[in-house]
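# Fold and contact review
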Amino acid sequence: MFTELTFGNKKYKAYDNANFSIVVDRSCNADCKFCVEDLRNHSNEKRDCNYEAVLSKMRELDVSISVTGGEPTANSRFIELANLIDKYKFRKTVVTTNGSYLIRDNFKVLDSILNFNHLNISKAHFNESKNRAVMRYKADDYFSDEDLVSVVNHIKEKQSKLRIRLSCVLTKSTIKSKEDIQEYADFYSDYVDNIVFRELMKSDEIENQDKKDFYATNSVDMTPILEEIEKDNEFVLINETHGYYYDVKVYKYKGMILCFEQADLRNMKNRKEDEIYEFVLHESGRLCGSWNDNEAYLGDFYE
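I will try to describe carefully the structure that is included in this document. (Residues numbered from 1 in each chain as written. Predicted model: local features only at pLDDT ≥ 70, side-chain atom pairs only at ≥ 80, totals over all residues. Heavy atoms only, no water.)

### Points about the overall build of the protein chain
- A count of helical and extended segments in the protein chain gives eight helices and 13 strands.
- At 19 Å, the protein chain has a C-alpha radius of gyration in line with the 19 Å of a compact globule built from 303 residues.
- In terms of overall dimensions, the protein chain has a C-alpha envelope of 55 × 45 × 40 Å along the principal axes.
- Within the protein chain, buried positions represent 54% of all 303 residues.
- Long-range pairs, those at least 24 residues apart, make up 69% of the contacts in the protein chain between residues at least 6 apart in sequence.
- Carbon and sulfur atoms provide 43% of the accessible area of the protein chain, an area that totals close to 14300 Å². (Helix = DSSP H or I, 4+ residues; strand = E, 2+ residues; numbered from the N terminus. Rg over C-alpha atoms; globule rule 2.2 N^0.38 Å. Buried < 20%, exposed > 50% of the residue type's maximum accessible area, 1.4 Å probe, protein only. Contact = heavy atoms within 4.5 Å. Areas by Shrake-Rupley, 256 points an atom, 1.4 Å probe, with all protein chains shown as cover.)

Right, dumping it as structure tokens:
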């Protein structure tokens, strides 16, 4: 379950299925009310990361790769990074995005990740006005359902293995019940077969007052919803995972894969100092075993 490794002069035990997240850029062209970036502690330091060096190092550990932000595809180095990840042939590669840059410049960004495994696209609601209200895109950057269809069709035309997964955060103003979840899944069933539904993360360290107020008034408890789902024959449980700060259940529903995630960031404090469950390259160029770039420091990778 764990593999021993050394960073610097310190020994660690790394989880065998550890993921490596690359935070390309914490800035974003949207201001989602549910955004997790304002819940995690991190410095505001930003450096030009040496992606080649860190990818070469992490390839030895056979980790999966997640590219995230902010909005990673808005960064000028995104395509360079995508090409490097493709070069090293990691076992699983994922990009998480709000979708707004995927169709620009004749699908330039999308074409750079056609050899990736998964493309996670955030969609808070299938109703465009409700989606706009909670995701709060800036200017004309909105990613519509029509844009989603264009992305789906482009991937098919390119005969790519890239699989789209929609990401929906449960809130009282958007998706808040088992019926809402089914309506969301049914609406998108012609375009995607993979959706993740997430509970708003629990945390004691929300500094942004706007986000703090939203979490306090809009959080939806997923537990009773999952209890309803468990009794519904249309849902078939196929997998579940219990991590050190998260719980995941995966169901089959009408030929689709629906994933349900609950996370409590407060439990991250229970991680032992020498244990690494995930690697994170922060935009500061610091590689850490934590989403806090002042914790579990493993090395610097910046130019």
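Having seen the model, we can carry on.
### Thoughts on a negative patch on the surface
- Together, Glu179, Asp221, Glu227, Glu228, Glu230, Glu240 and Asp247 give the surface a local cluster of negative charge.
- The biggest single contributor to the negative patch is helix 8 (residues 222-230), with three residues.
- When you line up the elements, Asp247 lands in strand 9 (residues 246-253). (Patch = residues over 30% accessible without salt bridge, like charges linked within 9 Å, V, L, I, M, F, W, Y side chains within 5 Å. Salt bridge = Lys/Arg side-chain N within 4 Å of Asp/Glu carboxyl O. Lys, Arg positive; Asp, Glu negative; His and termini not counted. Charge placed at Lys NZ, Arg CZ, Asp CG, Glu CD.)

### Digging into the packing of helix 2 (residues 78-88) against helix 3 (residues 104-112)
- Their axes nearest at 8 Å, the elements helix 2 and helix 3 cross at an angle of 40°. Facing helix 2, whose interface residues are Phe78, Ile79, Ala82 and Asn83, helix 3 presents Lys108, Val109 and Ser112.
- Its residues assigned to classes, the contact of helix 2 with helix 3 shows four nonpolar, two polar and one charged. (Axes fitted to C-alpha atoms, helices over the stretch in contact; angles between N-to-C directions. Nonpolar A, V, L, I, M, F, W, Y, C, P; charged D, E, K, R; others polar.)

### Regarding the nonpolar core
- Phe20, Leu55 and Phe279 are the most contacted members of the largest nonpolar core, which totals 83 residues.
- With sequence-adjacent residues up to four places away left out, Phe20 is seen in contact with Val54, Leu55, Met58, Val63, Ser64, Ile65, Ser66, Phe279, Val280, Leu281 and Leu287.
- If you look at the next biggest cluster of nonpolar residues, it comprises eight residues, including Tyr244, Leu265, Val280 and Trp291. (Core = buried A, V, L, I, M, F, W, Y, C linked by side-chain atoms within 4.5 Å.)

### Digging into the packing of helix 6 (residues 178-188) against helix 8
- Where helix 6 contacts helix 8, the axes come no closer than 9 Å and their chain directions differ by 70°. Overall, the two elements helix 6 and helix 8 adopt an arrangement that is roughly perpendicular. Residue-level inspection shows Lys178, Glu179 and Ile181 of helix 6 in contact with helix 8, the latter providing Ile225, Glu228 and Ile229. (Parallel < 35°, antiparallel > 145°, perpendicular 65-115°, else oblique.)

### Section: the state of the cysteines
- Scanning the model with the defined rule gives zero disulfides in all.
- In this model Cys35 remains outside any disulfide bridge; the closest cysteine sulfur is found in Cys32, 6.3 Å from its own.
- With no disulfide of its own, Cys168 lies closest to Cys32 among cysteine sulfurs, the gap being 12 Å.
- Judged by its relative accessible area of 0%, Cys168 falls in the buried class. (Disulfide = S-S within 2.5 Å.)

### So, the environment of Lys156
- Along the chain, Lys156 turns up in helix 5 (residues 145-157).
- Under the relative-accessibility criterion, Lys156 is labelled exposed at 57%.
- In this structure the C-alpha to C-alpha distance between Lys156 and Asp105, which are 51 residues apart in sequence, comes to 18 Å.

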